[in-house]
Amino acid sequence: MNLIIDNISFNRVEEESFSTTFDIGSLPKHYEFNEFISDEDAESDRDDLPRLVLMGLRGSGKTSIQKVVFQKMSPNETLFIGSNNSMLKDVVNNSAFVNFQICDFPGHFDFADSEYDIQSILQGCQSLVFVIDAQDAIASALNRLHSVVTKAYKINKNIKFEVFIHKVDGLTEDTKMETQREIHQRANDDLVDSGDEQKIYISFHLTSIYDHSIFEAFSRVVQKMIPHYATLENFLNIIIQTSGIEKAFLYDVKTKIYVATDSSPVDIQSYELCCDMIDVVIDLSNIYGSGENPGLMNDPAFDDQSSSLIKLNNGTILYLREVCSFLALVCILREDNFEKQRIIDYNFVILRKGIHKLFELKDKEKESIEPRNPPSFN
């Protein structure tokens, strides 16, 4: 199928025929979305999954963030979400990359509270995200932040600490930068005063659920939880160098989190364009997909033949190819470089084969994997 809408070309392409050696299709079904998980299955899997902890003062927006990013709730609907009075646990099980447990602590949480097995929870924690309401009192949030990170570090020295400076949509650009600078400086000063500045490192992100900033921030958090992220980054570095591509993202289609990108800096506008492209592809696939039951898990509209090409009026091309049923490669390149489409497509098949092998290794060894010999591209 080939659709032309203005400057958008949406294609369902035939599988690559360069060589049968590289015809790998989609990844096995057990790597696909696990949308329907029973409570018993979810509970039994939680102890084995990486853990992400959400903390912050009451009303900071922790639960709204989780609902918008991982449960596709509309930002406007979060206005009706009440504050948590107890810890909420949820399993995000979209793919082999985006696969972890979230523990959302209430704002009044105290480490001395015997209601929570905080030792066990933090010992299995890979990332702790502390949410600060940028439009509320910052001093009390910073005091809680310092208390949380120092106590959590004593329990687990491998935790990665992230601070979301949240609800910045109502602030001017100058105010955003000033608020981030103030929070960053005061948080680091607190660590210096306690003698922890050499041991604890905190990353800071400006976020809002009303734009793509929350997805971009969570992308960076999730990337740190992927043990073989360096391998994925290396794959993308090779393909952009050999194919004339300016920027490449590997997206988790369901959440629009990019699980990997090349080593060049990320431009937020480029990221937003790629997110919007995924929405276009999914929407058109659900409407015009050739499957008998588009949208169903066993007959997804987004499949191993999905491809999309968008030409912008500034001479830039957005090119999307399906890697598997939960991952998509989105590339940004100049229109002149797209004349080498056959080379790009060939290199894409090699990339997809490399990712396929990475999954196979991960499935066999059940631990961090970094192949010594990345696939070679033309």
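Residues numbered from 1 in each chain as written. Predicted model: local features only at pLDDT ≥ 70, side-chain atom pairs only at ≥ 80, totals over all residues. Heavy atoms only, no water.

Draft legend 1. Fine view of the overall build of the chain. Counting its regular elements, the chain contains nine helices and 13 strands. Buried residues in the chain amount to 51% of all 378 residues. If you take every contact in the chain between residues at least 6 apart in sequence, the share linking residues at least 24 apart comes to 71%. Element-wise, carbon and sulfur atoms account for 45% of the exposed surface of the chain, whose accessible area totals about 17,800 Å². (Helix = DSSP H or I, 4+ residues; strand = E, 2+ residues; numbered from the N terminus. Buried < 20%, exposed > 50% of the residue type's maximum accessible area, 1.4 Å probe, protein only. Contact = heavy atoms within 4.5 Å. Areas by Shrake-Rupley, 256 points an atom, 1.4 Å probe, with all protein chains shown as cover.)

Draft legend 2. Representation of unusual backbone geometry within the structure. You will see that Lys72, though not glycine, has its phi angle at about 60°, which is positive. Within the element layout of this structure, Lys72 appears in the loop between helix 2 (62–70) and strand 4 (88–93). Owing to a relative accessible area of 43%, Lys72 belongs among the partly exposed residues under this scheme. Even without a glycine there, the phi angle at Lys256 is positive, about 65°. Within the secondary structure layout, Lys256 lies in the loop between strand 9 (247–252) and strand 10 (257–261).

Draft legend 3. Broad picture of the sheet that holds strand 6 (residues 125–133). Strands sit in the order 4-5-3-6-7-8 across an open sheet of six strands; the sheet is mixed. Every interior strand has two partners, whereas the edge strands, strand 4 and strand 8 (202–206), have only one. Direction aside, neighbouring strands of the sheet carry axes that sit 20° apart on average. Bridge count for strand 4 against strand 5 (residues 99–104) is six bridges, and the pairing is antiparallel. Its bridge partner lying in strand 5, Val92 is registered against Phe100. Sheet strands in contact with helix 2 are strand 3 (51–56), strand 4, strand 5, strand 6 and strand 7 (160–166), and its direction is about 155° off that of strand 5. Sheet strands touched by helix 5 (residues 173–194): strand 6, strand 7 and strand 8. Its angle to strand 8, the strand with the most contacts, is close to 165°. (Pairing = 2+ DSSP bridges. Axes fitted to C-alpha atoms, helices over the stretch in contact; angles between N-to-C directions.)

Draft legend 4. Fine view of a nonpolar patch on the surface. On the surface, a nonpolar cluster with roughly 420 Å² of combined accessible area is contributed by Leu79, Phe80 and Tyr210. Note that Tyr210 resides in the loop between strand 8 and helix 6 (213–223). (Patch = residues over 30% accessible without salt bridge, like charges linked within 9 Å, V, L, I, M, F, W, Y side chains within 5 Å. Salt bridge = Lys/Arg side-chain N within 4 Å of Asp/Glu carboxyl O.)

Draft legend 5. Just the state of the cysteines, in detail. Counted by the stated rule, this structure contains zero disulfides. A disulfide-free cysteine, Cys331 has its sulfur positioned 8.5 Å from the sulfur of Cys274, the nearest such atom. According to the relative accessible area criterion, Cys331 is buried, its value standing at 3%. (Disulfide = S-S within 2.5 Å.)

Draft legend 6. Geometry of the pattern of salt bridges. For the coordinates displayed, the defined rule picks out 11 salt bridges. For the salt bridge of Glu178 with Arg181, the shortest nitrogen-to-oxygen distance reads 2.8 Å. Here Glu178 pairs with Arg181, and both are found in helix 5, just three residues apart, close to one helical turn. Residue Glu178 is classed as partly exposed on the basis of its relative accessible area, which comes to 40%. Between Asp279 and Lys256 there is a salt bridge whose closest N-O contact spans 3.0 Å. Note that Asp279 is positioned in helix 8 (residues 268–288) and Lys256 in the loop between strand 9 and strand 10, a separation of 23 residues in sequence. Overall, the relative accessible area of 30% leaves Asp279 in the partly exposed class.

Draft legend 7. Layout of helix 7 (residues 229–243). Helix length check: helix 7 (15 residues) gives 21 Å between terminal C-alpha atoms against 21 Å at 1.5 Å per residue, within 8%. Taken together, the buried positions of helix 7 are occupied by Tyr229, Thr231, Leu232, Phe235, Leu236, Asn237, Ile238, Ile239, Ile240 and Ser243. Positive backbone phi, approximately 70°, marks Gly244, located one or two places after helix 7. (Expected span 1.5 Å × (residues − 1).)

Draft legend 8. Highlighting the packing of helix 2 against helix 6. Axis separation between helix 2 and helix 6 bottoms out at 10 Å; the angle between their running directions is 90°. On the basis of the axis angle, helix 2 is roughly perpendicular to helix 6. Across the interface between the two elements, Ile65, Val68, Val69 and Phe70 of helix 2 pack against Ile214, Phe215 and Phe218 of helix 6. Considering only residue class, the contact of helix 2 with helix 6 consists of seven nonpolar, no polar and no charged. (Parallel < 35°, antiparallel > 145°, perpendicular 65-115°, else oblique. Nonpolar A, V, L, I, M, F, W, Y, C, P; charged D, E, K, R; others polar.)

Draft legend 9. Examining the pairing of strand 10 more closely. With five of its five residues buried, strand 10 lies for the most part within the structure. Here strand 9 pairs with strand 10 via four bridges, running antiparallel. Its bridge partner being in strand 10, Leu250 is matched across the sheet by Ala260. Counting the residues between successive antiparallel strands, the hairpin from strand 9 to strand 10 contains four residues, one of them, Lys256, with a positive phi of roughly 65°.

Draft legend 10. Just the pairing of strand 12 (residues 316–324), in detail. Burial of strand 12 is extensive: nine of the nine residues sit out of reach of the surface. Looking at chain direction, strand 11 (residues 306–311) and strand 12 are connected through five bridges and run antiparallel. The partner of Ser307 across the bridge, within strand 12, is Arg321. The antiparallel pairing of strand 11 with strand 12 creates a hairpin that spans four residues between the two strands, and Gly315 there sits at a positive phi of about 85°. In terms of strand pairing, strand 12 meets strand 13 (residues 327–334) through eight bridges, oriented antiparallel. Within strand 13, the position partnered with Glu322 by the bridge is Ala328.

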